[in-house]
Amino acid sequence: MYAQMVETGLKQVKSLDEMGAEERAFQQKIDAEIKIEAKNWMPDAYRKTLIRQISQHAHSEVVGMLPEGNWVTRAPTFKRKLQLMAKIQDEAGHGLYLYSAMETLGADRDEEIDKLHTGKAKYSSIFNYPTLNWADMGAVGWLVDGAAIVNQVVLQRTSYGPYSRAMIRICKEESFHQRQGYEILLHMMRHGNEAQKEMVQDAINRLWWPSLMMFGPSDADSPNSAQSMAWKIKRHTNDELRQRFIDQTVPQLELLGCTAPDPDLKWNEERGHYDFGEINWQEFYDVLKGYGPCNRERVEARRNAIEDGAWVREAAVAHANKKKQRSAA
Amino acid sequence: MSQWTLFEVFVRSKHGLNHKHVGSVHAADDQMAIENARDLYTRRNEGVSIWVVPSSAITATATDEKEPLFDPSDDKVYRHASFYELPDEVGHM
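Since this is a predicted model, take the numbers as computed values, not measurements.

So what exactly am I meant to see when it comes to the overall build of chain B here?
Helix and strand counts for chain B stand at 2 helices and 3 strands. The helix and strand sequence of chain B, counted from the amino end, reads β-β-α-β-α. Computed over C-alpha atoms, the radius of gyration of chain B comes to 21 Å, more than 25% over the 12 Å expected from 2.2 N^0.38 for 93 residues, which places it beyond the range of a compact globule. Sorting the 93 residues of chain B into buried and exposed places 26% on the buried side. Of the contacts made within chain B by residues no fewer than 6 positions apart, 44% connect residues no fewer than 24 positions apart. Counting only carbon and sulfur atoms, one obtains 53% of the accessible surface of chain B, whose full area is about 7000 Å².

Right under this line is the structure:
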């Protein structure tokens, strides 16, 4: 999931009887699957939670460009370089769709970006891992974008209209990302030499568990889920989505001829799902708190991008003002 | 970027269709708004024409006006073709 552990600021989900008239009408609309739009009345906590969730989602798209940017100059062929740049440009676009959706809630884009730079806002834990070899580009597209799609497909039905519409647009573009990633790996496994095949397995070994962590803590440790589900800004629990991702991914893993770094991963006939081993939650919380392998580097790269680009933004405003004055004269 | 103007973006997806609202962009001026909208909303052949309008130039109906504005059309079934029952001999009309 691109948004992990989004606080609602509420301890308990209210029943309809406990709500005032406005809030009850709001909740009944949500229960009836009617979208909430920017100008509609909404509880303050709903607005704040959405701003946190959408900004975190947007930050993830933007920071998500960095691990891939590492490989633009190192892509093995011109074709792969073009594909990678197209994918990175999409991530920038997805960030912008989401920041726009967030702004409809009255949030200021610069303020929210500043929160990212000062460590007050989070982004997905997955982007704090390094991309060490070319197969990582394949594994990121296949596993990371794959996990994001599982989450985003259900968010197309989220209760907030502008967020839902951004998700629909993003999902349309996202399947290219996953397919290009899987194709990179499949090509290496079918046409590569031994060293290249080992590279693929190495990438999967390193990115498998962090991809599963993208869905957030297990349901038992997810205190905000109940309220977010009642508001339908979350439509399935973390564990449900994680299971769905594993079930759809294992056959693809087998087709590659690779394995997952999980000795407990096996089909459970009775459940009709794959069983899997325990996630290292300590690692998840550490990365989220800022102690992952690349946290500092990622935030620094974003801060530099904004600071180093300041003169371009100022020049654009100066140019616009000059043109306006000339046409007025 | 928030100090730049917010523009609403409308894209005509094919010749002969209406422009449709697709989202918004920030830009320093109109020309940049068009360029940003091109990059953001038409990366895959989604459009043949783009309009950008400063968001502040749009006047919209308020949500609390929904009932007084739109309810009056609810009970005017005679405005729909299906209200008029004609014998089968008339054929398709």
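Even after reading the chapter, I still don't get the layout of surface pockets, so can you show me in this structure?
Over the atoms, a rolling probe the size of a water molecule traces out where space has been left empty. There is about 1600 Å³ of room inside the largest pocket. Of all elements in the fold, only helix H4 (78-103) and helix H7 (161-191) of chain A together with strand E1 (5-12) and strand E2 (19-27) of chain B reach the threshold of two or more residues within the lining of the largest pocket. If you tally residues by element for the lining of the largest pocket, the top one is H7 of chain A, at 8 residues. Considered class by class, the residues forming the lining of the largest pocket number 18 nonpolar, 12 polar and 13 charged.

Would you mind going over the sheet that holds strand E3 (residues 49-54) of chain B with me for this structure?
All names here are of chain B. Spatial ordering of the open sheet is given by E2-E1-E3, a layout of 3 strands whose pairing is antiparallel. One side of each edge strand has no neighbouring strand; the edge strands of this open sheet are E2 and E3. The average angle at which neighbouring strand axes cross in this sheet is 30 degrees, direction not considered. As defined by bridge partners, E1 adjoins E2 across 8 bridges and the pair is classed as antiparallel. When the sheet's bridge partners are listed, Val 11 is paired in E2 with Lys 20. Where helix H1 (residues 30-41) meets the sheet, its contacts fall on E1, E2 and E3, and the angle it forms with E2 comes to roughly 115 degrees.

What exactly am I supposed to notice about the interface of chain A and chain B here?
For an interface, size is often stated in terms of accessible area lost upon the parts coming together. Chain A puts 22 residues into the contact, and the matching count from chain B is 19 residues. In this assembly, chain A packs against chain B so that about 1700 Å² is buried in total across both faces, 49% of it on carbon and sulfur atoms. Our count for the contact surface shared by chain A and chain B stands at 5 salt bridges. Salt-bridge contacts for Asp 90 of chain A lead to Arg 44 of chain B; the nearest nitrogen and oxygen are separated by 2.4 Å. Between chain A and chain B we count 10 residue pairs in polar contact (both at pLDDT 80 or more) in total. In terms of residue class, the side of chain A that touches chain B is built from 6 nonpolar, 6 polar and 10 charged.

Mind showing me how you'd approach the environment of Gln 3 of chain B here?
Checked against the element boundaries, Gln 3 of chain B lands in the segment before E1. Separated by 70 residues in the primary sequence, Gln 3 of chain B and Ser 73 of chain B place their C-alpha atoms 41 Å from one another.

Is there a simple way to think about the pattern of salt bridges in this case?
Between side chains of opposite charge, a pair can form when the charged atoms approach closely. Residue and element names in this part refer to chain A. Enumeration according to the criterion identifies 24 salt bridges over all chains in this entry. Linking Glu 183 and Arg 80 is a salt bridge whose minimum nitrogen-to-oxygen distance equals 3.0 Å. Of the two residues, Glu 183 sits in helix H7 while Arg 80 sits in helix H4, which places them 103 residues apart along the sequence. The partner of Arg 206 in a salt bridge is Asp 136, and the shortest N-O contact between them spans 2.8 Å. Linking Arg 206 in helix H8 (residues 194-213) with Asp 136 in helix H6 (residues 134-155), this pair joins segments that are 70 residues apart in sequence. The network of salt bridges with shared partners includes Glu 68, Lys 87, Glu 91 and Asp 145.

How should the confidence of the model for chain B be read in this particular structure?
In low-pLDDT regions, the fine details of the predicted coordinates are not to be read closely. Residue and element names in this part refer to chain B. Mean pLDDT over chain B: 91, with 98% of residues reaching 70 or higher. Per-residue pLDDT, averaged within each element of chain B, yields its smallest value for helix H2 (residues 66-70) (85) and its largest for E3 (97). On the interface metric, ipTM, the complex scores 0.84, and its pTM is 0.92.

Would you explain the packing of helix H2 (residues 44-63) of chain A against H7 of chain A in this entry?
Think of two packed helices as two axes; the pair is described by the angle between the axes and how far apart they sit. Residue and element names in this part refer to chain A. The interhelical angle for the contact between H2 and H7, taken along N-to-C directions, is 25 degrees, at an axis separation of 13 Å. Relative to H7, the element H2 lies roughly parallel. Regarding H2 and H7, the two cross each other, and that crossing is left-handed. Counting all contacts with H2, which are made through Leu 50, Gln 53, Ile 54, His 57 and Glu 61, the residues of H7 involved are Tyr 163, Met 167, Ile 170 and Glu 174. For the contact of H2 with H7, the class distribution of residues is 5 nonpolar, 2 polar and 2 charged.

What is the right way to read the packing of aromatic side chains from this model?
Given two aromatic rings, their pairing is described by the distance between the two centres and the angle made by the two planes. All names here are of chain A. Overall, the coordinates contain 12 aromatic pairs over all chains when judged by the stated rule. With a centroid separation of 6.1 Å and 80 degrees between ring planes, the pair formed by Phe 26 and Trp 41 is classed as edge-to-face. Highlighted residues: Phe 26 in helix H1 (residues 21-31) and Trp 41 in the loop between H1 and H2, separated in sequence by 15 residues. With a relative accessible area of 38%, Trp 41 lands in the partly exposed category. Pairing Tyr 46 with Trp 231 gives two aromatic rings, centres 5.6 Å apart and planes at 85 degrees, and the pair type is edge-to-face. With Tyr 46 in helix H2 and Trp 231 in the loop between helix H9 (225-230) and helix H10 (238-256), the pair connects residues that are 185 residues apart, well separated along the chain.

Before we go on, may I ask you to explain the nonpolar core in this structure?
Looking at soluble globular proteins, one finds that nonpolar side chains tend to be buried together. Ranked by internal contacts, the top residues of the largest apolar core, which has 100 residues, are Tyr 46, Ile 54, Tyr 160, Trp 208 and Leu 256 of chain A. Here Trp 208 of chain A is in contact with Leu 143, Thr 249, Val 250, Leu 253, Ala 260, Pro 261, Asp 262 and Leu 265 of chain A, once residues within four sequence places are set aside.

What's the story with the packing of H4 of chain A against H1 of chain B in this structure? I'm lost.
Where H4 of chain A contacts H1 of chain B, the two axes come as close as 9 Å, and the packing angle between them is 110 degrees. Taken together, the axes of H4 of chain A and H1 of chain B are roughly perpendicular relative to one another. For the pair H4 of chain A and H1 of chain B, contact is made by Gln 89, Gly 93, Leu 96 and Tyr 97 of chain A and by Asp 39, Leu 40 and Tyr 41 of chain B, respectively.

Conventions adopted
Residues numbered from 1 in each chain as written. Chains lettered and ligands numbered in written order. Predicted model: local features only at pLDDT ≥ 70, side-chain atom pairs only at ≥ 80, totals over all residues. Heavy atoms only, no water. Helix = DSSP H or I, 4+ residues; strand = E, 2+ residues; numbered from the N terminus. Rg over C-alpha atoms; globule rule 2.2 N^0.38 Å. Buried < 20%, exposed > 50% of the residue type's maximum accessible area, 1.4 Å probe, protein only. Contact = heavy atoms within 4.5 Å. Areas by Shrake-Rupley, 256 points an atom, 1.4 Å probe, with all protein chains shown as cover. 1 Å grid on protein atoms, 1.4 Å probe; cavity = no way out; pocket = protein on both sides within 12 Å on 5 of 7 lines; lining within 4 Å. Points joined across faces, edges and corners; volume = space filled by probe spheres on them. Nonpolar A, V, L, I, M, F, W, Y, C, P; charged D, E, K, R; others polar. Pairing = 2+ DSSP bridges. Axes fitted to C-alpha atoms, helices over the stretch in contact; angles between N-to-C directions. Buried area = accessible area lost by both parts, 1.4 Å probe. Salt bridge = Lys/Arg side-chain N within 4 Å of Asp/Glu carboxyl O. Polar contact = N/O pair within 3.5 Å; in protein donor to acceptor, adjacent residues only side chain to side chain. pLDDT = per-residue confidence, 0-100. Parallel < 35°, antiparallel > 145°, perpendicular 65-115°, else oblique. Left-handed = near helix turned anticlockwise from the far one by under 90°. Phe/Tyr/Trp six-rings, centres within 6.5 Å; stacked < 30°, edge-to-face > 60°. Core = buried A, V, L, I, M, F, W, Y, C linked by side-chain atoms within 4.5 Å.

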